[in-house]
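# Structural overview for review
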Amino acid sequence: MVEYVDICVGLAWGDEGKGKIVSHLTKNYDYVCRWNGGDNAGHTIYVDNKKYSTHLVPSGVFHGIKSIIGPGCVVNIKSFLNEINYLKDNGFNTNLIKISSKAHIVSDEHIYEDKEKYKNKIGTTARGIGPCYTDKYARKGKTVNDFKDELKEYIWDEVLEGKILCEGAQGFWLDIDHGNYPYVTSSNTLPYSACSLGFPHQKIRKIYGAVKIYDTRVGIDPEFSDELDNNEELMKIAETGKEYGTTTGRLRKVNYLNINKLIKALYYSGTTDLIISKIDILESINVFKYIYNDEICSFNSSELMIESIIKLINDNNNYVSNILLSRSPKEI
């Protein structure tokens, strides 16, 4: 039986540093699980000061913990096996990795359709994720169960037990229901969707919400207009923060942190423990600004800016009990 579940969720548009948070927490759990998305996501973590990246496999594998790809995920077999080989080559135990037999398979046809119809129109990663979910909900998709021979050593139909950590893909504002539709991902990114892994919501104990001290976005979105690229200050943040997508390698668009959106994401997600990262990036270029009620608010120091953010959060949210500030890229 499941003892309790903790969930790590992104509160923005992805790329909030969820991977390093999960990596830091993993040792306290029996399973680390993914509940949504496919290899359109990317997690960058550090183990013994060495950098690793995964796109589908949960971060538990880096710490000897069983790592489950859940039924709500979609799997590109070739990409998955490439990731398995990458992990083997780096000395990790891939026997810990399992995929739900109910997860759906991304086909070459899905990838082709994505490239032709959606990549340029809405800025997808062209990994076939949307077309795969389309077939799933049209009830004509193929599941892992249909590819038993290719994936037999990784298929998982067991019941979760003990202490569970769920690792979110993408972020709150890419959620298919709550994001700026249609410029969203094709799955539910809110933490309660993690129940699809096979546990009741009453087992959820903590929700770790991740956000950077500034906003970033990969892909097309009118809320992140091309005009942002003409802002010298924002471009400096992007360059200093090395804001490149883990999966796509694309330079992310940067904007000042939108406090109204953060407060809404905190409320909808039920975040209990908020982690704000990359504060050192703003400190290194001496820029301390956020957006609140459509106005840019400026501060003379990171301390004053953070103090103001915390006050706004506390005034507008009753769920957040802990706020952790992170400066170093490897620090939690």
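The structure this text deals with has already been given above.
Everything in this summary refers to the structure shown in the same document.

Analysis parameters
Residues numbered from 1 in each chain as written. Predicted model: local features only at pLDDT ≥ 70, side-chain atom pairs only at ≥ 80, totals over all residues. Heavy atoms only, no water. Axes fitted to C-alpha atoms, helices over the stretch in contact; angles between N-to-C directions. Helix = DSSP H or I, 4+ residues; strand = E, 2+ residues; numbered from the N terminus. Parallel < 35°, antiparallel > 145°, perpendicular 65-115°, else oblique. Left-handed = near helix turned anticlockwise from the far one by under 90°. Contact = heavy atoms within 4.5 Å. Patch = residues over 30% accessible without salt bridge, like charges linked within 9 Å, V, L, I, M, F, W, Y side chains within 5 Å. Areas by Shrake-Rupley, 256 points an atom, 1.4 Å probe, with all protein chains shown as cover. Salt bridge = Lys/Arg side-chain N within 4 Å of Asp/Glu carboxyl O. Pairing = 2+ DSSP bridges. Disulfide = S-S within 2.5 Å. Buried < 20%, exposed > 50% of the residue type's maximum accessible area, 1.4 Å probe, protein only. Arc of directions from axis to C-beta. Core = buried A, V, L, I, M, F, W, Y, C linked by side-chain atoms within 4.5 Å. Lys, Arg positive; Asp, Glu negative; His and termini not counted. Charge placed at Lys NZ, Arg CZ, Asp CG, Glu CD.

### Re the packing of helix α3 (residues 108–117) against helix α5 (residues 129–137)
At their nearest, the axes of α3 and α5 sit 7 Å apart, and the two run at 120 degrees to each other. In terms of orientation, α3 and α5 fall into the oblique class. Where α3 crosses over α5, the handedness of that crossing is right-handed. The residues of α5 that touch α3, namely those facing H110, E113 and D114, are I129, P131, C132 and D135.

### As for unusual backbone geometry
Omega for the peptide link from Y181 to P182 comes to 10 degrees, which places this bond in the cis form. Mapped onto the secondary structure, P182 falls in the loop between β10 (162–167) and β11 (204–212). With a phi close to 50 degrees, K242 is a non-glycine residue in the positive phi region. Turning to its location among the elements, K242 is positioned in the loop between α7 (232–240) and β13 (253–258). Positive phi, close to 55 degrees, is recorded for N293, a residue that is not glycine. Relative to the assigned elements, N293 resides in the loop between β15 (289–292) and β16 (295–298).

### Quick word on a nonpolar patch on the surface
Together, Y267, Y268 and Y319 line one region of the surface with nonpolar side chains, adding up to about 330 Å² of accessible area. Mapped onto the elements, Y319 comes out in the loop between α10 (302–316) and β17 (322–325).

### Structural notes on the sheet that holds strand β14 (residues 273–277)
Across a sheet, strands are paired by hydrogen bonds formed along the backbone, either parallel or antiparallel in direction. What the nine strands build is an open sheet, ordered β9-β7-β5-β2-β10-β1-β11-β14-β17; its pairing is parallel. Looking at strand neighbours, the two that pair on one side only are β9 (155–156) and β17, the edges of this open sheet. Across six bridges, the pairing between strand β1 (residues 2–10) and β10 is parallel. Of the residues in β10, the one forming a bridge with Y4 is K163. Along the sheet face, helix α1 (residues 18–25) touches β1, β2 (31–34), β10, β11 and β14 and points at about 155 degrees away from the line of β1.

### So, the state of the cysteines
A full pass over the atoms with the stated rule returns zero disulfides. There is no disulfide at C33, and the cysteine sulfur nearest it, in C166, is 5.2 Å away. The class for C33 is buried, based on a relative accessible area of 0%. No disulfide involves C132; its sulfur sits 11 Å from that of C73, the nearest cysteine. With a relative accessible area of 1%, C132 lands in the buried category.

### Looking at α3
Residues H110, I111 and D114 constitute the buried set of α3. The arc enclosing the buried residues of α3, seen along the axis, measures out at 100 degrees, which places them on a common side. Along α3, the residues that are exposed and aim more than 90 degrees away from the buried face are D108, E109, Y112 and E116.

### Re the nonpolar core
If you look at the biggest cluster of nonpolar residues, it comprises 56 residues, and the most contacted ones within it are L160, C166, F199, I237 and I309. Dropping the residues within four chain positions of it, I309 is found in contact with I213, L257, I259, I276 and Y290. I69, F80, I99 and Y154 belong to the second-largest nonpolar core, a separate cluster that totals 22 residues.

### Remarks on a negative patch on the surface
A contiguous patch of negative charge, built from E3, D30, D157, E158 and E161, is present on the exposed surface. Along the polypeptide, E3 turns up in strand β1.

### Focus on the pattern of salt bridges
The tally for this structure, following the rule as stated, stands at 16 salt bridges. Among the salt bridges present, the one from E223 reaches K261, with a minimum N-O distance of 3.4 Å. With E223 in the loop between β12 (214–217) and α7 and K261 in helix α8 (residues 259–269), this pair connects stretches of sequence that are 38 residues apart. E223 gets classed as partly exposed once you look at its relative accessible area, which sits at 38%. On the accessibility criterion, K261 (19% relative accessible area) is buried. As a salt-bridge pair, R327 and E283 come within 2.9 Å of each other at their nearest N and O atoms. Here E283 lies in helix α9 (residues 279–285) and R327 lies in the segment after β17, a separation of 44 residues in the sequence.

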